[in-house]
Amino acid sequence: MTIIVHIPTLLRPLTNDQKRVEASGATIRDLIAHLERAYPGIRQRLMQGEQLHRFVNIYVNDNDIRFAGELDAPVGEHDTVTILPAVAGGSGRSLARAVVEHVR
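In this report, we go over the structure that sits alongside the text.

Conventions and cut-offs
- Residues numbered from 1 in each chain as written.
- Predicted model: local features only at pLDDT ≥ 70, side-chain atom pairs only at ≥ 80, totals over all residues.
- Heavy atoms only, no water.
- Helix = DSSP H or I, 4+ residues; strand = E, 2+ residues; numbered from the N terminus.
- Buried < 20%, exposed > 50% of the residue type's maximum accessible area, 1.4 Å probe, protein only.
- Contact = heavy atoms within 4.5 Å.
- Pairing = 2+ DSSP bridges.
- Salt bridge = Lys/Arg side-chain N within 4 Å of Asp/Glu carboxyl O.

### Notes on the side chain of Asn57
Along the chain, Asn57 falls in strand S5 (residues 56–60). Residue class for Asn57 comes out buried when judged on its relative accessible area of 12%. Non-local contacts of Asn57, meaning those with residues more than four positions away in its chain, are made with Arg66, Thr82, Ile83, Leu84, Pro85 and Ala86.

This is the structure in structure tokens:
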């Protein structure tokens, strides 16, 4: 199963400066584990213990995982996952959507 993961600029040194990488997994938790095997150190940048860092936002097909099961949010073949550092200020949802569109 192939899932495209959009990598923010701050994490690209871990992915050999790749803007997009392929990963697999049934959930976001599985996907992060796969990314860690391929790009050691990325999990530490995304998670604190067993929780997502509070300043990291993850979207599956433009849907915030906080409303879809968080780390247990399902992902499937041909899904697109976007990892974004939190952005302060603005109106939240509309700002996040603008940033997601900018990454693409």
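Picking up after the structure, the text goes on.
### A few points about the pairing of strand S7 (residues 80–85)
Counting buried residues in S7 gives five out of six residues, a clear majority hidden from the surface. Two elements, strand S1 (residues 3–6) and S7, share three bridges in a ladder whose sense is parallel. Residue pairing across strands places His6 opposite Thr82, the latter belonging to S7. Alignment of S5 against S7, held across five bridges, turns out to be antiparallel. Counterpart to Tyr59 in the pairing with S7 is Thr82.

### Digging into the pattern of salt bridges
For the structure on display, the rule yields four salt bridges. We note a salt bridge from Arg29 to Glu50, for which the minimum N-O separation is 4.0 Å. One end of the pair, Arg29, is in helix H1 (residues 28–38); the other, Glu50, is in the loop between strand S3 (47–48) and strand S4 (51–52), and 21 residues separate them in sequence. Here Arg66 makes a salt bridge to Asp64, at a shortest N to O gap of 2.4 Å. Relative accessible area serves as the criterion here: at 47%, Arg66 is assigned to the partly exposed category. The buried category is assigned to Asp64, whose relative accessible area is 8%.

### What about unusual backbone geometry?
Look at Asn16: it is not a glycine, yet its phi comes out positive at around 55°. For Asn16, the location among the structural elements is in the loop between S1 and strand S2 (20–23). Look at Asp62: it is not a glycine, yet its phi comes out positive at around 70°. The class for Asp62 is partly exposed, based on a relative accessible area of 22%.

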